[in-house]
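Fold and contact review
Now for the letters of each chain:
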Amino acid sequence: MRALTIRLPQVPDFAPLDAYDHDLLREIYRRMVLIRQFELKVNELFLQGVMPGTIHLSLGQEASAVGACLALEAGDVITLTHRGHGQALAKGVSADSLMAELFGKVTGCCRGKGGSLHVGDMSVGALPAIAIVGASSPIAAGMAFAFKRGETGQVALNFFGEGTANKGDWHEALNLAAIWKLPVIFLCENNLYGVSTHVTEVMAIDYVAERASAYGMPGSTIYGNDPIAVHEAVKSAADQARAGGGPALIECLTYRRGGHKRDDPGAYRPQEEVQAWLRTDPIPAYRERLLADSRFSLSAIEAIDAAVASTIDASVEFALASAAPTTESAWEHVYAD
Amino acid sequence: MPTDRKQSVQSTSRQLTVVQALREAVREEMRRDEQVFVLGEDIRIGGSFLFTLGLLDEFGSERVLNTPISEAGFVGLAIGAAIQGMRPIIDFQYGDFIFTAFDQIMQQCAKLQYMSGGQVSIPLVFQLPTGASGRGAQHANSVETVFCGIPGLKIATPATPYDAKGLFKSAVRDNNPVMFCVHKHLYGSKGRQLAESSISRGHVPDEEYLIPLGRGDIKKRGQDITLVANGLMLHRSLNVAEALENEGVSVEVVDPRCLAPFDTDLVINSVVKTSRLLIVEEGSERGGWGAQLAADIAGQAIGFLDAPIRRVATPNVPIPFSPVLESAVIPDEARIRSVILELMDH
C-alpha cells in the first residue's frame, strides 16, 4: 500500500488585477461569496434538521468553480459533480431554484426530483449533476461532439475530482475527446481526497494533469484557490477549443474546508495539512486583492456581502413557502413524449 | 389480419433478411434527419452482423463513426450528443458487451430525464445482437431480460424483417433510449457473410411504414391455447404451432415485439378466448419477462384461465459452449411441444 504524503499548499505570487475588467472582478467576488453563504446556510439548515437528504459542501473550492464558469460564454455547458452547489451557482443557476431543490420542492430546478446530488438548470447550461464518479466525462465529451458537429461554437466543461482520474469512463472520455478533437475542457478540482483516501495513496504520479499527454492533449496544473488563475487557464482552453484545437485538461489544486459530506468531520486528514490549507481560504485572499485595487472600496465590497446575504435569506423563504411536488408527479418524466 | 410468416415467405413481393431490413431503416432515417448518426466498433467492415455494412460509403465518416473499444466512453458520448439534440444509433458488435457500459445505461441514460425533472431527453437507439449462438457463455446473454427492470428504457425484440424495419424506424424517432435487441440467429449473416435462412428472411414492402413501439402482433391465430414468444423463440414456437395444427391443436401465437412498453392487453384478449397460456423466452427463467407477464395475467385475467400458466425458458445456468449442452438448455421445439400438450390435457 502506498503511504499518504502530506501535500501542503504552494501559494504563488498573485498577478496584479489592473489588467482585468472591473465588472468581471466584482462578479468573481460576488459569486464566490454567494456560494460560501449559500453553503453555510445549507449546513445550518441541515444541523437544525430542517432540510432533508444529504449534502456535499464545496466550502473552500469556490475559486475553481467561479473562475472556470465565468471564463465560459453563456451558451457553453458544464457538467457538475456530487459536490455541485458551487458549480451550479457559478454557472448562474438561481439561488431560489437551487435552495428549493434541496428542500425537494416543486419550484426546485429539477422540480424536486433531483435533490442536492442532481442540481442543474439547462437554461443556463448546467446539466443536472451526475453523482456517479467518472460518468459525466464521456457525457460532456458527447455534448461537445454535438457542438462540433453543429458548428455552434459552444464548449463543454466537465468538472470532476482527482479521484475520477482513476476511473475507466474518464480515461475513455479523454481518449475519445482527443481523437475527435472535441471542444471540451476537463476541469479537475483536486482537493486531495476521495472521501477519506488521499491522492498520494492511489496515484503513482504527482499530478492528474500529467495524464493529459498520454491522450495527446495539453494539461496544466494550477493553484486552484486563485479564481484569476483558473479564469485565465479556462479562457485560454476555451479559445483553443472553439478554434478547433480540441480538448484540454486543467487541474486546479484546492482543498475542502470540511469533510466529504455533512456527517463527516474529515478527521482522517493530518492536522498539519488541514491547518496549512485553511490559511489559504480563497475568499479572504481575493477580498484582500480587491481592496488593494483602487477601484474597490471597503463599502462597495461590504455592499456585495450584504446583497448576497439577502439573496440567501430570500432563497430560504422562497423554498419554505414553495409547494411540495404532487405525488402524481412521481410518475411523470419517466418517458419523454 | 395477422402477419402470417408463411404467407410472407410465399409472397412474390420483395424479400429481405432482418439485417437488410435494418440497414434500409437506418438509411431511410439518416436521409430523413441530419441529426441521426451511427457509431460503433468496426463499422468499416459492417460490425459483427453487418448492420453498418455500406453506411460509411453513403454517409461518410462524419455520420458513421468507427470507435475505439470503449463501450462506456462511447455510450456516454452518445448520451451527451442526444442531450444536445442529436439522434445517435449505437451498433454493439454483441449485446453482451453492453455490461461494460452499464452505469451509463442504467444510471445515466435511463434516469437523466427523470431526475432533471424533464429538462433533458435522450433519443438514443442501441442495436444489440442478443441470445445464444454457439459462441460460449460471454457471447450468449439474453440482454433484453436485464433491461426489463429499468424504468426509462424501451425494449424492442423483433423477430421478422418486417417488424425489425418498422420498429427500428420508430425507435430512431422516439425521444427515449430504446434497447433494440435482435437474436444473433435472425440477422441473416454469419461471420461477416450473408447467410440467409428461412427465419431471417421475409417480406418487406417497398413503401415506407412504421410500427409503434409497444404494440404486439398475433403471428398465428388459434383457439385452444395462447403462446407468447419473441425473438428466436417465436420461430420455434411457430414451427411447433404449425405442426400441431395438423394434430388438431389450435395454438394462437402472440409476439409482444416489445418488452417495454409491453402489450399486455393483446395477451389478455387472447387468453380470454383460449383459457390457456404458455410463455416462451430464451432468457433465464428466474427474473425473465415471462415471469412478469405471468404475474400480470394472473392478476388481471386468472378467472379466464382453465389451466396453470406455464413458462418455457432457459434454466438458471450460464450458457455452455458444447453444442450438445447449448441445445440442452436453450428451449427447443420438443420442449415447447410437450408443454403445450400437457396444458391441453389439463
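Right, let's get into the overall build of chain A. In terms of helices and strands, chain A carries 12 helices and 8 strands. Expected size for 337 residues packed as a compact globule is a radius of gyration near 20 Å; at 19 Å, chain A falls within 12% of this value. Projected onto the principal axes, the alpha-carbon positions of chain A cover approximately 55 × 50 × 45 Å. Going through the 337 residues of chain A one by one, you find that 50% of them count as buried. Taking contacts inside chain A between residues at least 6 apart in sequence as the whole, the part at least 24 apart equals 75%.

This paragraph deals with the sheet that holds strand β7 (residues 219-223) of chain A. Note: strands within a sheet are paired through backbone hydrogen bonds, in either parallel or antiparallel orientation. Residue and element names in this part refer to chain A. Strand order in the open sheet made by the 6 strands is β2-β1-β3-β4-β8-β7, with parallel pairing throughout. Of all the strands in the sheet, just β2 (126-127) and β7 have a single pairing partner and so form its edges. Here strand β4 (residues 184-190) runs beside strand β8 (residues 248-253); their pairing, made up of 6 bridges, is parallel. Paired with isoleucine 185 across the bridge in β8 is alanine 248. In the packing of helix α5 (residues 136-150) onto the sheet, contacts are made with β1 (77-79), β3 (156-161) and β4, and the angle to β3 comes to roughly 170°.

What follows deals with α5(A). Residues and elements named next belong to chain A. Taking 1.5 Å as the rise per residue, α5 with 15 residues should run 21 Å; its terminal C-alpha atoms sit 21 Å apart, in good agreement. Of all 15 residues in α5, 13 are buried; the element is thus mostly enclosed. Immediately beyond the C-terminal end of α5, within one or two residues, lies glutamate 151, with a positive phi of roughly 50°.

The next subject is the packing of α5(A) against helix α6 (residues 168-179) of chain A. Each pair of packed helices gets described by two things: the angle between the helix axes and the distance between those axes. Residue and element names in this part refer to chain A. Direction vectors running N to C along α5 and α6 enclose 20°, while the axes themselves pass 8 Å from each other. With respect to their mutual orientation, α5 and α6 come out roughly parallel. Residues Ser137, Pro138, Ala141 and Ala144 of α5 touch α6, and the partners they reach there are Asp169, Trp170, Glu172, Ala173, Leu176 and Ala177. The residue makeup of the contact of α5 with α6, split by class, is 7 nonpolar, 1 polar and 2 charged.

Residues and elements named next belong to chain B. Overall, mixed pairing links the 5 strands, which are arranged β11-β13-β12-β15-β16 in an open sheet. What marks the edges here is a single partner per strand, and that holds for β11 (217-220) and β16 (310-314). Going from strand to strand, the sheet's axes swing by 25° on average, the running direction of each strand aside. Where strand β12 (residues 225-229) meets strand β13 (residues 251-255), 4 bridges bridge the pair, whose relative direction is parallel. Across the sheet, the residue bridging to valine 228 is valine 254, located in β13. Against the sheet, helix α13 (residues 333-345) contacts β12, β13, β15 (277-284) and β16, and its axis sits at roughly 165° relative to β16.

Listed per partner, the contact involves 33 residues of chain B and 33 residues of chain A. Taken together, the elements giving at least two residues each to the side of chain B that touches chain A come down to α4 (71-83), α5 (102-109) and α6 (112-115) of chain B. For the side of chain B that touches chain A, the element with the most residues is α4(B), which contributes 10 residues. Along the lines of polarity and charge, the residues of the side of chain B that touches chain A split into 14 nonpolar, 18 polar and 1 charged.

Residue and element names in this part refer to chain B. Burial of strand β5 (residues 124-130) is extensive: 7 of the 7 residues sit out of reach of the surface. Burial along β5 is two-sided: Leu124, Phe126, Leu128 and Thr130 and Val125, Gln127 and Pro129, pointing in opposite directions, are all buried. Across 7 bridges, β5 lies against strand β7 (residues 177-183) in parallel orientation. If you follow proline 129 over to β7, its bridge partner there is valine 182.

All names here are of chain B. Here the domain parsing of chain B yields domain 1 (12-203) and domain 2 (217-345). Distance between the C-alpha centres of domain 1 and domain 2: 26 Å. Taken residue by residue, the interface counts 23 residues in domain 1 and 25 residues in domain 2. Breaking the side of domain 1 that touches domain 2 down by element, the ones donating at least two residues are α7 (143-147), β6 (154-156) and α8 (161-173). A per-element tally of the side of domain 1 that touches domain 2 places β6 first, with 3 residues. The residue inventory of the side of domain 1 that touches domain 2, partitioned by class, reads 12 nonpolar, 8 polar and 3 charged.

What counts and how
- Residues numbered from 1 in each chain as written.
- Chains lettered and ligands numbered in written order.
- Predicted model: local features only at pLDDT ≥ 70, side-chain atom pairs only at ≥ 80, totals over all residues.
- Helix = DSSP H or I, 4+ residues; strand = E, 2+ residues; numbered from the N terminus.
- Rg over C-alpha atoms; globule rule 2.2 N^0.38 Å.
- Buried ≥ 20, exposed ≤ 12 C-beta atoms within 10 Å, placed from the backbone.
- Contact = placed C-beta atoms within 7 Å.
- Pairing = 2+ DSSP bridges.
- Axes fitted to C-alpha atoms, helices over the stretch in contact; angles between N-to-C directions.
- Expected span 1.5 Å × (residues − 1).
- Parallel < 35°, antiparallel > 145°, perpendicular 65-115°, else oblique.
- Nonpolar A, V, L, I, M, F, W, Y, C, P; charged D, E, K, R; others polar.
- Domains from an automatic or database assignment.

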